[in-house]
Amino acid sequence: MPAMFRPFTFAAAVAALASPAIAEPENAGRTEATSEQPFQAQTVARFDLPWAIAIIDADRLIVTTKPGEMFLVDHRGGDPVEVSGVPKVEHAGQNGLLDVALAPDFTQSRRIYFTYVEPGEGGSSLVLARATLAEQQGKAQLSGLDVIWRQMPKGKGGQPGGIIAFAPDGKSLFLTSGDRMRPKTAQDPDLALGKVLHLTLDGKPAPGNPDADAGGARAETWTTGHRNPYGLAFAPDGRLWLHEMGPRGGDELNLIEPGVNYGWPEVSYGDNYNGTPIPKPPTRPEFREPALYWTPVIAPAGLAFYEGDLFPAWKGSALIGGLKTQTLSRVTIAGTSAHEEERFAMEGRIRDVAVASDGAVWVIEDESPGRLLRLSPR
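Residues numbered from 1 in each chain as written. Predicted model: local features only at pLDDT ≥ 70, side-chain atom pairs only at ≥ 80, totals over all residues. Heavy atoms only, no water.

Here the focus is the confidence of the model for the chain. Averaged over the chain, the pLDDT score is 94; the fraction of residues at 70 or greater is 94%. Within the model, the stretch residues 14-20 combines pLDDT values under 50 with seven contacts to residues more than four positions away or in other chains. (pLDDT = per-residue confidence, 0-100. Contact = heavy atoms within 4.5 Å.)

One pass over the full model with this rule turns up 13 aromatic pairs. Ring centres of Y269 and Y293 lie 3.9 Å apart, and the angle between their planes is 5°; this geometry places the pair in the stacked category. Note that Y269 is positioned in the loop between β17 (251-256) and β18 (292-294) and Y293 in strand β18, a separation of 24 residues in sequence. The pair Y269 / Y293 is uniform in exposure class, with both members buried. Their ring planes at 80° and their centres at 5.9 Å tell us that Y306 and W314 sit as a pair that is edge-to-face. Note on accessibility: Y306 and W314 belong to one class, buried. Among the aromatic side chains, those forming a connected cluster through ring pairs are F39, Y306, F311, W314 and F344. Seen from the ring of W264, R227 lies directly overhead, with NZ or CZ sitting 5.4 Å from the centre. (Phe/Tyr/Trp six-rings, centres within 6.5 Å; stacked < 30°, edge-to-face > 60°. Helix = DSSP H or I, 4+ residues; strand = E, 2+ residues; numbered from the N terminus. Buried < 20%, exposed > 50% of the residue type's maximum accessible area, 1.4 Å probe, protein only. Lys NZ or Arg CZ within 6 Å of the ring centre and 35° of its normal.)

What follows covers the nonpolar core. I62, I112, F114, L128, L133 and L142 are the most contacted members of the largest nonpolar core, which has 58 residues in total. Sorting elements by how many residues they give to this core places strand β9 (residues 125-136) first, with six residues. When neighbours within four sequence positions are excluded, L133 is seen to be in contact with I62, L72, V83, F106, R110, I112, A140, Q141 and L142. The next biggest cluster of nonpolar side chains, apart from the first, holds 16 residues, and it includes A28, L253, A318 and A338. (Core = buried A, V, L, I, M, F, W, Y, C linked by side-chain atoms within 4.5 Å.)

Following this line, the structure appears as structure tokens:
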């Protein structure tokens, strides 16, 4: 377990509920992007609609693409190696092959976890799967594929979520599940939509969840009331943060604490796409307000906390991609408050962000082709 993390226990997470209320959130929507960047961007490869990055080591990483391909990349040279054995995905709109993450024991097990939208009769489902990544003679494949969680019932819609974050102790995982463009599901306790789920490494409800004894989706649920969460990560102090896209305005960065309801679709700092207003969070104190929000939106995607040495001024900051704004944002956090410190113009829709062990920052563009970029100091 990295020394930077506090040990994760359910008791500690529950104790966090006694922490002071979230301060009045900052609206960072009008932060101006700068083209004066402290980094240089090296184009390492290009892909058809890349979606997620998983760092293996300072030189190698895994990239997924929304149409359903997975690649191994070595920035020291050579073409990306396509990984065979990836299951068929429902690629339409926002749906497809989504996140990928290394198992906590990856060095020994070579196991990866990944999410995708699975096609089927009656609609599609968000799926969490795991498999072993095997490499031999310049080729790579997935073996022992096992679907360990499936969102049911099937249905239509985008906004699948599907972001994976392992608990700092490596004994459980957290999974975002979007509302699939059916807003009311986010407040339905019997549907695993619009939620953050807390699962064992085998995809079962984690012991000690707020409603662990209730069965079904209730037993899996950690938090409720989310719209379209495409960023989930543990900060260096061991607390869990999430960002999600709002409707017309109201993108959010939230501190995630067990049993909390974050209000979607009952409240939002944005309005409906047809212009009708949504009640604002202060009008409903039973819902947790965000630590930070963006109106106008940035369409946040990808979230990583920086703990490297190449950019000392960034230590402890959250790095967040912006799809709509084509930017990379650096957000500082103090207690339960957050502030967008700076925003960098990137000339592309930033879909994911990751930090390598050598301190380099990796980002990918949601384009076809979309670049895989390695950011290092000028």
